[in-house]
Amino acid sequence: MIVELPLYGDYPSQPHSSLLNAGVGNTTGGLVDGPVYRTIFESLRGVNMTGIPGTPGQGYERFQPDMMIYHDAIHDYSTNEPTMDGTASLTYYLSVMQKEGMKQANVQSDKNVYVNGGIIRTDPSKKQISLVFTAADKADGADAIISTLKKHGIKGGFFFTGEFYELYPDVVKRLLAEGHLAGSHSYGHLLYMPWENRDSLLVSREEFEEDMMKSYETLRKAGIEYQDAPVYIPPYEYYNKEIAAWAKSMGIQVINYTSGTMSNADYTTPDMKNYRSSKFIYDKIMEVEKKEGLNGHLMLIHFGTDDRRMDKFYNGYLDKLIKNAATKRLQFCTRP
């Protein structure tokens, strides 16, 4: 049995490891010992099902024959202990199988940049940039954004919640007629995990999948088939590796903005401590461009913002950004 492989599957979550015990990580990709004979298990001392704080161990009783024992619990050292020699051999074997599988599928090496399973930047060696837009319930930027992109002959990626698709069907029709990519931003704009702890979850896998299925049903009603929207931006642009894995199991790839330019701060209002003016954001983008370039950047801009923000980035600065990118010979692409 292999820890966190596949991440969306049922794998040992509490191997008998000092890493897990110290709360600093897990033996990701490592092989653990399997079941032992009941006669051996019952002669052992110190084994228990206490588990890690807040998460009891799992017994898997219904899957075990009477003569065998396996527990996914950190204190069961006999059945759930990482093995170094097995892991080393497995790593080599899986690497070979991956290479062979890519060869059979005629798949080239993926040069996108990933964080927690989500694509946060396309191939940094290519002079390309992607403009992506998200919205939950506001569309005040529709006219300015659509006309600006049309003026420059650029296609963008638009990721909306189910509520948005229901509120603004005419806007969606305009985007599709212009040849833009329209995709999901979830249905209910759920907060998947606490802001103070990205490694925990506020939703179950069942709740996540139900929300995504509802989202894609809304897309279908808008004339967007599943295969037309294989990537999605999570609500609040906030996710972790579990969310990305759950999405992957549904055939959906998480993408997110490339950090550093602060383009995503265009939603902030003057009363917020983290307020950033459109000029500040534009200057920051130019600063990043000058320092390291924008190759592969996924540049996120909000399709609508609060009325308290009078300084809308899509009014003027979006046009200015596109013109500047053109002088740097950056090509605009729709998706990773």
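Up top is the structure.
Here we summarise the structure given alongside this text. This is a predicted model, so every value here is computed, not measured. (Residues numbered from 1 in each chain as written. Predicted model: local features only at pLDDT ≥ 70, side-chain atom pairs only at ≥ 80, totals over all residues. Heavy atoms only, no water.)

Our focus in this paragraph is the pattern of salt bridges. If you walk through the whole model with that rule in mind, you get 15 salt bridges. Residues D143 and R174 are paired through a salt bridge, measuring 2.8 Å at the closest nitrogen-oxygen approach. With D143 in helix α4 (residues 142-152) and R174 in helix α6 (residues 169-177), this pair connects stretches of sequence that are 31 residues apart. A salt bridge links K328 to E289; the nearest nitrogen and oxygen atoms lie 4.0 Å apart. Placement of the pair is K328 in the loop between α10 (317-327) and β11 (331-333) and E289 in helix α9 (residues 278-292), with a sequence separation of 39 residues. What makes K328 partly exposed here is its relative accessible area of 33%. E289 gets classed as buried once you look at its relative accessible area, which sits at 17%. A single salt-bridge network, built from bridges that share partners, covers K151, D319 and K323. (Salt bridge = Lys/Arg side-chain N within 4 Å of Asp/Glu carboxyl O. Helix = DSSP H or I, 4+ residues; strand = E, 2+ residues; numbered from the N terminus. Buried < 20%, exposed > 50% of the residue type's maximum accessible area, 1.4 Å probe, protein only.)

Glancing now at the environment of F160. Inspection of the secondary structure assignment puts F160 in strand β6 (residues 157-160). For the pair F160 and A135, spaced 25 residues apart in sequence, the C-alpha to C-alpha distance is 5.1 Å. Beyond its immediate stretch of four places on either side in the chain, F160 contacts A135, Y165, V172, L175, G183, S184, H185, S186 and F303. (Contact = heavy atoms within 4.5 Å.)

We now examine α9. For α9, with 15 residues, the first-to-last C-alpha span of 21 Å sits near the 21 Å given by 1.5 Å per residue. Of the residues making up α9, those classed as buried are S278, I281, Y282, I285, M286, V288 and E289. The buried residues of α9 occupy one face: seen down the axis, they fall within an arc of 160°. Facing away from the buried surface of α9 by more than 90 degrees, the exposed residues are K290 and K291. Here the buried face of α9 lies against β10 (298-302) and α10. A positive backbone phi angle near 85° is found at G293, which sits one or two residues after α9. (Expected span 1.5 Å × (residues − 1). Arc of directions from axis to C-beta.)

Right, let's get into the environment of D123. Structurally, D123 can be placed in the loop between β4 (118-121) and β5 (128-135). C-alpha of D123 to C-alpha of G296: the two residues are 173 residues apart in sequence and 5.3 Å apart in space. Sequence-distant contacts of D123, that is, excluding residues within four places in its chain, are made with K111, N112, Q128 and G296.

Quick look at the environment of Y168 now. With respect to the helices and strands, Y168 occurs in the loop between α5 (162-167) and α6. Each C-alpha atom, one on Y168 and one on T50, is 51 Å from the other, the two residues being 118 residues apart in sequence. Residues contacting Y168, with those up to four places away along its chain left out, are D137, K138 and A139.

One finds L131, F133, F160, F208, Y232, I243 and F303 to be the most contacted residues of the largest nonpolar core, which totals 56 residues. If near-sequence neighbours (up to four positions away) are discounted, F208 is found in contact with Y192, Y232, I243, W246, A247 and M250. (Core = buried A, V, L, I, M, F, W, Y, C linked by side-chain atoms within 4.5 Å.)

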